[in-house]
Amino acid sequence: MTELLYQTDSYLKEFDATVTGVDTEARAVVLDQTAFYPGGGGQPNDTGQLRLGGEVYRVEKVKKQGVDVLHFLSGDAPLPGPGARVHGQIDWDNRYKLMRTHTALHVLCGTVFRDYGALVTGGNMEPLHGRMDFEFERLQGELVGEIEAAVNKEVEAGRDVRVKILPREQAFQIPDLIRTKINLLPEGIQEVRTVEIVGLDLQADGGTHVRNTSEIGKIKVVDYKSKGAINKRIYIEIRGE
Ligand SMILES: [Zn+2]
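Residues numbered from 1 in each chain as written. Predicted model: local features only at pLDDT ≥ 70, side-chain atom pairs only at ≥ 80, totals over all residues. Heavy atoms only, no water.

### Some details on the coordination of the zinc ion
Stated formally: Any N, O or S atom lying within 2.8 Å of the metal counts as a donor, and for Na, K and Ca the limit rises to 3.2 Å; water is left out, so some sites can look incomplete. What counts as a helix is a DSSP run of H or I of at least four residues, what counts as a strand is a run of E of at least two, and both are numbered from the N terminus. Residue burial is assigned from relative accessible area. The probe radius is 1.4 Å, only protein chains are included, and a residue is buried under 20% of its type maximum, exposed over 50%, and partly exposed in between.
At 1.8 to 2.1 Å from the zinc ion lie its protein donor atoms, namely His102 (NE2), His106 (NE2) and Asp205 (OD). Counting along the primary sequence, the residues that act as donors to the zinc ion give the motif H-x3-H-x98-D. Here His102 pairs with His106, and both are found in helix 1 (residues 92–116), just four residues apart, close to one helical turn. Accessibility assignment for this pair places His102 and His106 in one class, buried.

### Some words on the pairing of strand 6 (residues 55–65)
Moving residue by residue along a regular strand, the side chains alternate between the two faces of the sheet. To be explicit about the condition: Two strands are said to pair when DSSP picks up at least two bridges between them.
In the sheet, strand 5 (residues 48–52) pairs with strand 6 via five bridges, with the strands oriented antiparallel. Looking at the pairing, Arg51 lines up with Val56 of strand 6. Summarising the sheet, strand 6 and strand 7 (residues 68–73) pair through six bridges and their orientation is antiparallel. The residue bridging Val59 from the neighbouring strand is Leu73, located in strand 7. Remark: two residues form the turn of the hairpin made by strand 6 and strand 7, two consecutive strands paired antiparallel; Gly66 in that turn has positive phi of roughly 65 degrees.

### Quick word on the side chain of Arg100
Operational definition: Contact criterion: two residues are considered in contact whenever any of their non-hydrogen atoms come within 4.5 Å of each other.
On the secondary structure map, Arg100 appears in helix 1. Ignoring sequence-local partners within four residues, the contact set of Arg100 consists of Leu128, Val210, Glu215, Ile216, Gly217, Ile238, Arg239, Gly240 and Glu241.

### Quick word on the pattern of salt bridges
Rules: Should a side-chain nitrogen of Lys or Arg be within 4 Å of a carboxyl oxygen of Asp or Glu, the pair is scored as a salt bridge.
Taken as a whole and judged by the stated rule, the model has eleven salt bridges. Among the salt bridges present, the one from Arg58 reaches Asp91, with a minimum N-O distance of 2.5 Å. Note that Arg58 is positioned in strand 6 and Asp91 in the loop between strand 8 (85–90) and helix 1, a separation of 33 residues in sequence. Judged by relative accessible area, which is 37%, Arg58 ranks as partly exposed. The shortest N-O distance in the salt bridge between Lys97 and Asp93 comes to 3.4 Å. One end of the pair, Lys97, and the other, Asp93, are both in helix 1, four residues apart, so they sit about a helical turn from each other.

### Focus: the sheet that holds strand 11 (residues 161–167)
Defined as follows: Think of each axis as a best-fit line through the C-alpha atoms, taken over the contacting stretch in the case of a helix, with angles from 0 to 180 degrees between the N-to-C directions.
Taking strand neighbours across the sheet as the criterion, the three strands line up as 11-12-13 in an open arrangement whose pairing is antiparallel. Both outer strands of the open sheet, strand 11 and strand 13 (201–204), are each paired with one neighbouring strand and no more. Each strand of the sheet is rotated relative to its neighbour by a mean of 20 degrees, with strand direction disregarded. Pairing between strand 11 and strand 12 (residues 191–197): seven bridges, direction antiparallel.

### Side note on unusual backbone geometry
Trans peptide bonds make up the majority, and among non-glycine residues the majority have a negative phi. Even without being glycine, Arg27 reaches a positive phi, approximately 50 degrees. Its place among the elements puts Arg27 in the loop between strand 2 (14–23) and strand 3 (28–31). The residue Leu128 is not glycine, and still its phi comes out positive at about 70 degrees. With respect to the element layout, Leu128 can be found in the loop between strand 9 (119–126) and strand 10 (129–135).

### Looking at the nonpolar core
Threshold: Here, nonpolar core refers to any group of buried Ala, Val, Leu, Ile, Met, Phe, Trp, Tyr and Cys residues whose side-chain atoms link them within 4.5 Å.
Core analysis: the largest hydrophobic core is formed by 55 residues, its most contacted members being Leu50, Leu108, Phe136, Ile147, Ile219, Ile234 and Ile236. Looking at this core, the element that brings in the most residues is helix 1, giving ten residues. Ignoring sequence-local partners within four residues, the contact set of Leu50 consists of Val29, Leu31, Phe36, Glu55, Val56, Tyr57, Val59, Leu73, Val86, His87 and Gly88. Counting residues in hydrophobic clusters, the runner-up holds five residues, among them Ala171, Leu177, Val192 and Leu202.

Structure representation (structure tokens):
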């Protein structure tokens, strides 16, 4: 079982860990703990490196498998064995862009629900751009400017982003989480991680986010698309440092 360090500290860039499993065929190692995000919820997995003595392994892909996180290593150097102590480092530049983008999508989601009552059905992101799908029948071109202004107002408001890990029963009693389809969580999950943009948005979420909306930068709504009478897709880009 891999402890997910990014769940309680999304700003952790480096960490020490012990190898607990090796898949030689796949060139992957399992660690007892990791800061690498394994992908999910529309956020791509992290990349980076693992160091063992003088050997540097490039981590080209990371994937969750049950309660383990697999780190896939490139190259052909012999893999670290079980019990080896390694030092991990994530590609921070890329991850931080994803944290800003992911948080921006939550700002979009919270704002569109508050102002238009539209629910999110899905989303996806790359560093500094993303898209979100809504049940949003009355989305039209003229609303785009209005939405963009509203989301940037929330960014500038400097709202705090808070992460909590709650017992399942407690989380299921929060009305805001029910609207984001928390009821779809598999039954075996006993704890629910929640990400709250204070005063704007609350979701059950396993991803990494910035601490305050002011870190996001400027949100540009670059396009929207009709995916049918009700389903609409909004595309955003993040600008600025
Ligand atoms: Zn999210």
